Amino acid sequence: MVNPAYRLLLGMVVLLSGVETLSAQAQYASVEGESGDYYTSASYHPDAPHKMKYGPPQEYFDPAPEYYESVDQYHSGYAGDVEQSGMITRVLPVDRGWSYDHPMDGLFKNLANNSWMRIEYLLWKAPPGNQLVGTETTSGNDPRLPFPAEDNTGLLTLSTKEVDLSSIGHDGSNGIRGTFGIDFQSGTLEAIFFGMQSDYGTVSYGQADLLGASFGQTNEISIMTFLDGNVGLVGRDFNQKFSVRYQTQAWGAESNYVINTERLLFRSYYGAGGLQIRPLVGFRYLKIGEEMLVRGSYEDLTAIPAVPLFETTVQTLASNKLYVPQAGIRMEFVHPWFTISAEPKVGFGVNNYNGSVLTNQFLGPTDPTHVTQISKTRFAPTFEFGVNARFHLSEYFTFNVGYNFLWANQIARPGTITYYNIDSSNPTNGVSLQAQDSLDSYKLHGLVIGGEFSWP
């Protein structure tokens with residue numbers, strides 16, 4: 001049996017401990033059960049919807065203080081005999097993480113929580129098109145089909161034709177595109193970079209091809225040219241071998257701001273999703289570089305005088321640098337499981353381009369190397385359209401698949417800046433082919449596959 005005195009002593013200890021605890025809590029509690037004056041608790045909303053993009057961070061967190069009070073403003077007191085222990089105690093609030101210690105800490109945390117990154121694989125192509133390597137003929141017929149050619153006596157006993165670039169550039173090349181974005185309450189800031197691997201295409205013919213049935217019983221291949229700027233039966237013939245090697249590469253960077261607005265047609269919906277139509281503005285830099293290398297051999301030992309074997313080279317280079325302000329519309333249907341989007345963008349900028357044409361032994365074995373160049377700046381419009389489907393595999397990761405089409409006008413390309421012309425005033429050793437200021441359009445399009453990660 002427990003002594004009643006022990007029971008009384010134990011009850012007094014428990015009572016005094018409870019009074020001391022309530023007294024300590026009362027110093028930092030406000031009236032009517034509200035949070036204290038020095039800090040307010042912060043908690044994540046467990047019932048918040050799927051974290052849709054472009055939603056303000058206020059939807060997911062309770063308000064929290066931007067900073068604590070000065071340390072000197074918290075209660076302090078002495079513990080025991082100060083002269084003996086030298087200890088001073090001070091009551092401080094509980095540390096709730098790096099994002100509450102200073103306003104800048106909270107800002108960095110909000111930026112991290114509302115930022116995301118997208119990495120995509122690109123399989124894009126930019127074919128040069130059905131461009132002739134040469135000019136049209138006097139007959140007006142398609143020079144891609146066999147037509148009569150002169151032999152070494154001047155009689156039309158041979159058959160020849162011209163080559164085009166229609167079979168080049170249809171396989172595409174690999175590339176990568178990275179996008180980094182930060183969501184604000186007023187919109188989304190995005191930075192985008194893409195780069196394509198060099199795409200090579202080749203058209204080549206040998207002696208067996210020149211006499212084969214698949215080649216149309218043709219004896220040779222020709223690069224027909226103008227004569228003093230007019231159509232004529234002049235040019236360079238190749239009866240041993242002929243090849244065209246075409247290379248293209250593109251890369252670029254852009255920055256866009258997608259605006260959240262509730263005005264007129266452009267409406268942005270927060271929360272569970274739905275249709276979102278938002279305007280965007282930005283700036284694009286685009287670099288396009290291409291090269292066309294033509295090589296062909298000719299030999300005629302029966303001619304008088306005989307023509308020994310020699311090889312002709314024509315190399316055309318083109319480089320374009322586009323600086324384009326742009327605007328567009330982003331249309332999205334947002335669902336907790338998926339997002340379907342379409343985004344047209346139109347740009348009006350300038351193209352700073354240059355090109356060069358090199359010829360070696362084009363007119364004959366004694367024709368030396370000639371190089372002509374151009375360099376100008378022109379107005380250049382652009383248009384881009386992309387469709388995309390994003391599947392939300394988790395709250396922080398999505399799988400993306402889509403198609404992208406980019407068009408730019410006023411672009412210097414090897415097939416158009418080469419001026420196929422012979423000057424009759426100097427037909428033996430003068431400059432044959434030259435660089436001309438003739439521009440064309442450029443199309444880059446293909447498949448997009450990737451993923452998007454957002455920071456928790």
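Residues numbered from 1 in each chain as written. Predicted model: local features only at pLDDT ≥ 70, side-chain atom pairs only at ≥ 80, totals over all residues. Heavy atoms only, no water.

Looking at the overall build of the protein chain
Here is the rule we go by: A run of DSSP states H or I qualifies as a helix once it reaches four residues; a run of E qualifies as a strand once it reaches two. Both are numbered from the N-terminal end. Residue contacts follow a heavy-atom distance rule, with two residues in contact if any of their heavy atoms lie within 4.5 Å. Surface accessibility follows the Shrake-Rupley procedure with a 1.4 Å probe radius. Residue values consider only the protein chains on display as shielding.
Of the regular secondary structure elements, the protein chain holds five helices and 20 strands. In the protein chain, once contacts between residues fewer than 6 apart in sequence are set aside, the share between residues at least 24 apart is 72%. By element, 60% of the accessible surface of the protein chain is carried by carbon and sulfur atoms, the whole surface being about 24300 Å².

Some remarks on the environment of Lys321
Here is the rule we go by: When accessible area is computed with a 1.4 Å probe and restricted to protein chains, residues below 20% of their type maximum are described as buried, those above 50% as exposed, and intermediate ones as partly exposed.
Tracing the sequence through the fold places Lys321 in strand S13 (residues 307–334). In this structure Lys321 comes out as partly exposed when scored by relative accessible area, which is 31%. Considered as a pair, Lys321 and Asn351 are 30 residues apart in the sequence and their alpha carbons are 5.5 Å apart.

Details of the side chain of Ser319
One can find Ser319 in strand S13. Overall, the relative accessible area of 16% leaves Ser319 in the buried class. Beyond its immediate chain neighbours, meaning those up to four positions away, Ser319 contacts Lys287, Ile288, Asn352, Tyr353 and Asn354.

Section: the pattern of salt bridges
Rules: Whenever Lys or Arg places a side-chain nitrogen within 4 Å of a carboxyl oxygen from Asp or Glu, that contact is recorded as a salt bridge.
In the structure shown here, the tally under the stated rule is 19 salt bridges. A salt bridge links Lys376 to Asp437; the nearest nitrogen and oxygen atoms lie 3.3 Å apart. In this pair, Lys376 is assigned in strand S15 (residues 370–392) and Asp437 in the loop between strand S19 (434–435) and strand S20 (440–454), connecting sequence segments 61 residues apart. On the basis of relative accessibility, which here comes to 41%, the residue Lys376 falls in the partly exposed class. The exposure class assigned to Asp437 is partly exposed, which follows from its relative accessible area of 29%. One connected set of salt bridges, linked through shared partners, spans Glu190, Glu254, Arg284, Arg330, Glu343, Lys345 and Glu384.

Focus on the packing of aromatic side chains
Note the threshold: Here is the rule: rings of Phe, Tyr and Trp (six-membered ring for Trp) pair when centre to centre is within 6.5 Å. Planes less than 30 degrees apart are stacked, more than 60 are edge-to-face, and the remainder are tilted.
Scanning the model with the defined rule gives nine aromatic pairs in all. For the pair Phe238 and Phe242, a centre-to-centre distance of 5.3 Å together with 50° between the ring planes defines the contact as tilted. Residue class for Phe238 comes out buried when judged on its relative accessible area of 2%. Owing to a relative accessible area of 2%, Phe242 belongs among the buried residues under this scheme. Ring plane angle 55° and centroid distance 5.3 Å describe the contact between Tyr285 and Tyr323, whose orientation is recorded as tilted. On the criterion of sequence distance, the pair formed by Tyr285 in strand S12 (residues 274–300) and Tyr323 in strand S13 is long-range, its members being 38 residues apart.

A few points about unusual backbone geometry
Notably, Asp228 is not glycine yet its phi reads approximately 55°, a positive angle. Relative to the helices and strands, Asp228 is located in the loop between strand S9 (220–227) and strand S10 (230–238). By relative accessible area, which is 38% here, Asp228 ends up partly exposed.

Some points on the nonpolar core
To be explicit about the condition: Nonpolar cores were defined as sets of buried Ala, Val, Leu, Ile, Met, Phe, Trp, Tyr and Cys residues, with membership established by side-chain atoms within 4.5 Å.
In this structure, Val133, Leu165, Ile223, Phe242, Val244, Met292 and Val294 are the most contacted members of the largest nonpolar core, which totals 27 residues. Elements that contribute at least two residues to this core include exactly S9, strand S11 (241–259), S12, S13 and strand S14 (338–360). Considering each element in turn, this core owes the most residues, three residues, to S11. Setting aside anything within four residues of it in sequence, one finds Leu165 in contact with Pro128, Gly129, Gln131, Val133, Val244, Tyr246 and Met292. Among the nonpolar cores identified, the runner-up in size contains 17 residues, and Trp124, Phe194, Ile288 and Leu322 belong to it.

Description of the side chain of Asn351
For the record, the criterion: N or O atoms within 3.5 Å of each other form a polar contact, as long as, within protein, one can give a hydrogen and the other can take it, and as long as residues adjacent in sequence are counted only when both atoms are side-chain atoms.
Note that Asn351 resides in strand S14. Asn351 gets classed as buried once you look at its relative accessible area, which sits at 0%. In this structure the side chain of Asn351 is engaged in a polar contact, spanning 2.9 Å, whose partner is the backbone oxygen of Gln410. For Asn351, the residues in contact, after removing those within four places along its chain, are Asn320, Lys321, Leu322, Lys376, Thr377, Arg378, Ala380, Gln410, Ile411 and Ala412.

Brief notes about the confidence of the model for the protein chain
In plain terms, the rule: A residue's pLDDT is the predictor's confidence in that residue, given on a scale from 0 to 100.
Counting all residues, the mean pLDDT for the protein chain is 78, and 70% of those residues have values of 70 or more. Between the elements of the protein chain, mean pLDDT differs from a low of 49, seen in helix H1 (residues 4–26), to a high of 96, seen in strand S16 (residues 397–411).

Points about the pairing of strand S7 (residues 187–196)
Within a regular strand, side chains alternate between the sheet's two faces. Rules: Any two strands between which DSSP finds at least two bridges are classified as paired.
Counting buried residues along S7, seven of its ten residues qualify, which places the element largely inside the surrounding structure. Strand direction decides the pairing type here: strand S6 (residues 173–183) and S7, joined by nine bridges, are antiparallel. Residue pairing in the sheet places Ile176 in a bridge with Gly195 of S7. The turn linking S6 back onto S7 is made up of three residues.

Here we look at the pairing of S9
Most of S9 is tucked away: seven of the eight residues are buried. Pairing between strand S5 (residues 158–161) and S9: two bridges, direction parallel. If you follow Thr160 over to S9, its bridge partner there is Glu220. Taking the residues between adjacent antiparallel strands as the criterion, S9 and S10 are bridged by two residues, where Asp228 takes a positive phi near 55°. Summarising the sheet, S9 and strand S18 (residues 421–422) pair through two bridges and their orientation is parallel. Each residue of the ladder has a partner; that of Phe226, found in S18, is Asn421.

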